[in-house]
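Descriptive analysis of the structure
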Amino acid sequence: MPELQFSSLGDFLEMGGYALYVWSAYSIFAVFVAVNLIQPYRARRKFMKQQRARLEREEQR
Amino acid sequence: MTGRFLPWLAGVTAVLLVTGLVWGLLLAPPDYQMGDNYRIIYIHVPTVVLAMNSYLLMAVLSAAVLIWKIKMADIVAKACAPIGATLTAVGLATGSIWGIPTWGTWWIWDARLTSTLILFFLYIGIIALRSAYDSVDSAARASAVLVLVGVVNIPIIVYSVEWWNTLHQPASELSLRNTAANPPEIWIPAFIMGFAVFGVFLLALILRSRNEILVRERRAQWVLDLIRRDHGEQEPANGGLHVSGGKA
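What you see is a predicted model, and the numbers here were worked out from it, not measured in a lab. (Residues numbered from 1 in each chain as written. Chains lettered and ligands numbered in written order. Predicted model: local features only at pLDDT ≥ 70, side-chain atom pairs only at ≥ 80, totals over all residues.)

Details of the overall build of chain A
Rules: What counts as a helix is a DSSP run of H or I of at least four residues, what counts as a strand is a run of E of at least two, and both are numbered from the N terminus. Radius of gyration means the value over C-alpha atoms here, while the globule rule gives 2.2 Å times the residue count to the 0.38 power. Burial in this document is a count-based property: other C-beta atoms within 10 Å of a residue's C-beta are tallied, and the residue is buried at 20 or more, exposed at 12 or fewer, or partly exposed in between, with C-beta positions derived from the backbone.
Each helix and strand in chain A was counted, giving two helices and zero strands. Here the C-alpha radius of gyration of chain A, 23 Å, is well above what a compact globule of 61 residues would show, namely 10 Å. Taken along its principal axes, the extent of the C-alpha atoms in chain A is 70 × 25 × 15 Å. Relative to its 61 residues, chain A shows a buried fraction of 23%.

Take a look at the structure:
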């Protein structure tokens, strides 16, 4: 069975001296996941808002 | 359409992501040479592998666009490009970060790194070319041609480490034996992360394709109905107003 490799939280954050590299790489990955999942939702909301405005304009005429 | 399937995909992806991250960061033993820095590999390898596969998917779809003029193929191919570009960017960035303590440099113009950088530029070029056209059909054909021309780069990336003398190492041999250099406890989390990144890719691809369908069918009755229904849902909550006000 796999075991925990770090004895404390500080130990874990330190990453055996490679904290800067490991955490910056994983931060970039986190941004990648967030951007790719949030962007389509924002695009959809923007589209809906624009089209709603267009419909309202056309109905007023 | 894909609506009912989406929450399941999101759930499975989230579980895989958490499992892969916990296993890769906390449970996998450190490498005997690279120490804990090697944990970057758990995101580097899945993202670059998928960056290439997403290009291959885009190439198959582009062939379908050119040969059979399938509109859906173009919609998904268009959705592929920005996701592939970000995957390649993450692959390049994490590789560079890993390289600083391991190789002593963040960049070298060896065949593997250079061809991967070209993959990134290809993705950017495909997005730019598409946006240069007003007509959907011309954009579809032009970007499909560029995608198919660029596909020659994929075998170059894959075999670069064999054809040329590169600083980038070839793929490691995986072994089922626990005493080997790469025992299962090291590579299982890599596979879990691979599926997790694939899940994120699929989610983004489906969401982007659905948006593109809405844009292209914006005059269709079912989209108009959807817009009116969306209006009714959002007004009491007043949800979208504040956010979009800030963007404008």
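That was the structure; now back to the text.
Overview of the overall build of chain B
Quick reminder of the rule: Once C-beta atoms are placed from the backbone, any two residues with those atoms within 7 Å are in contact.
Helix and strand content of chain B: nine helices and zero strands. Secondary structure elements in chain B, listed N-terminal to C-terminal, are α-α-α-α-α-α-α-α-α. Residues classed as buried in chain B amount to 34% of the 248 residues present. Contacts in chain B between residues far apart in sequence, at least 24 positions, make up 75% of those at least 6 positions apart.

Side note on unusual backbone geometry
Even without being glycine, Met15 of chain A reaches a positive phi, approximately 50°. For Met15 of chain A, the location among the structural elements is in the loop between helix H1 (9–14) and helix H2 (19–60). Non-glycine residue Lys69 of chain B carries a positive phi angle of around 55°. Within the element layout of this structure, Lys69 of chain B appears in the loop between helix H2 (41–68) and helix H3 (71–103).

A look at the interface of chain B and chain A
Rule in force here: Each residue is assigned to one class: nonpolar for Ala, Val, Leu, Ile, Met, Phe, Trp, Tyr, Cys and Pro, charged for Asp, Glu, Lys and Arg, and polar for all the others, Gly among them.
Counting from both sides, the interface comprises 36 residues of chain B and, opposite them, 32 residues of chain A. Secondary-structure elements contributing two or more residues to the side of chain B that touches chain A are helix H1 (6–27), H3, helix H7 (184–216), helix H8 (221–237) and helix H9 (239–247) of chain B. When grouped by side-chain class, the residues that make up the side of chain B that touches chain A number 22 nonpolar, eight polar and six charged.

Topic: the packing of H2 of chain B against helix H5 (residues 136–150) of chain B
Residue and element names in this part refer to chain B. Where we set the bar: To get an axis, a line is fitted to the C-alpha atoms, and for a helix only the part in contact is used. The angle between two axes follows their N-to-C directions and goes from 0 to 180 degrees. Oblique is the label for any angle not under 35 degrees, not over 145, and not in the 65 to 115 range, which are roughly parallel, roughly antiparallel and roughly perpendicular in turn. For any helix crossing, the convention is left-handed if the near helix is rotated counterclockwise from the far helix by under a right angle, and right-handed if that rotation is clockwise.
Where H2 contacts H5, the axes come no closer than 9 Å and their chain directions differ by 135°. Between H2 and H5, the angle falls in the class oblique. Viewed along their axes, H2 and H5 form a crossing whose handedness is left-handed. In contact with Met58, Ala59, Ser62, Ala63, Val65 and Leu66 of H2, H5 contributes Ala140, Arg141, Ala144, Val147 and Leu148. Of the residues belonging to the contact of H2 with H5, the class tally is nine nonpolar, one polar and one charged.

Things to note about the nonpolar core
What tends to happen in soluble globular proteins is that the nonpolar side chains get buried as a cluster. The following threshold applies: As used throughout, a nonpolar core is a set of buried Ala, Val, Leu, Ile, Met, Phe, Trp, Tyr and Cys residues joined through C-beta atoms within 7 Å of each other.
Counting residues in each nonpolar core, the largest one holds 60 residues, and the members touching the most others are Ala25 of chain A together with Ile40 and Ala77 of chain B. Taken together, the elements giving at least two residues each to this core come down to H2 of chain A together with H2, H3, helix H4 (111–131), H5 and H7 of chain B. No other element matches H3 of chain B, which puts 15 residues into this core. Excluding anything up to four places from it in sequence, Ala77 of chain B contacts Met58, Leu61, Ser62, Val65 and Val147 of chain B.

Let's talk about H2 of chain A
Our working rule: Helix span, as expected, comes to 1.5 Å for every residue beyond the first.
For H2 of chain A, spanning 42 residues, the distance from its first C-alpha to its last is 60 Å, which sits close to the expected 62 Å at 1.5 Å a residue. Considered for burial, the residues of H2 of chain A that qualify are Tyr21, Val22, Ala25, Tyr26, Phe29, Phe32, Val33, Asn36, Pro40, Met48, Lys49 and Gln51 of chain A.

Description of H5 of chain B
Taking 1.5 Å per residue as the helical rise, H5 of chain B with its 15 residues ought to reach 21 Å, and the 21 Å between its terminal C-alpha atoms agrees with that figure. Structurally, H5 of chain B contributes buried residues whose contacts are with H2, H3, H4 and helix H6 (153–163) of chain B.

Describing the environment of Gln5 of chain A
Residues and elements named next belong to chain A. Its location among the elements puts Gln5 in the segment before H1. Residue classification places Gln5 among the partly exposed positions, given that 16 C-beta atoms sit within 10 Å. Each C-alpha atom of the pair Gln5 and Met15 lies 10.0 Å from the other, and the pair is ten residues apart in sequence.

A closer look at the environment of Pro155 of chain B
All names here are of chain B. By the secondary structure assignment, Pro155 is in helix H6. Under the C-beta neighbour-count criterion, Pro155 is labelled exposed, with 12 such atoms within 10 Å. Taking the C-alpha atoms as reference, Pro155 lies 9.8 Å from Ser115; in sequence the two are 40 residues apart.

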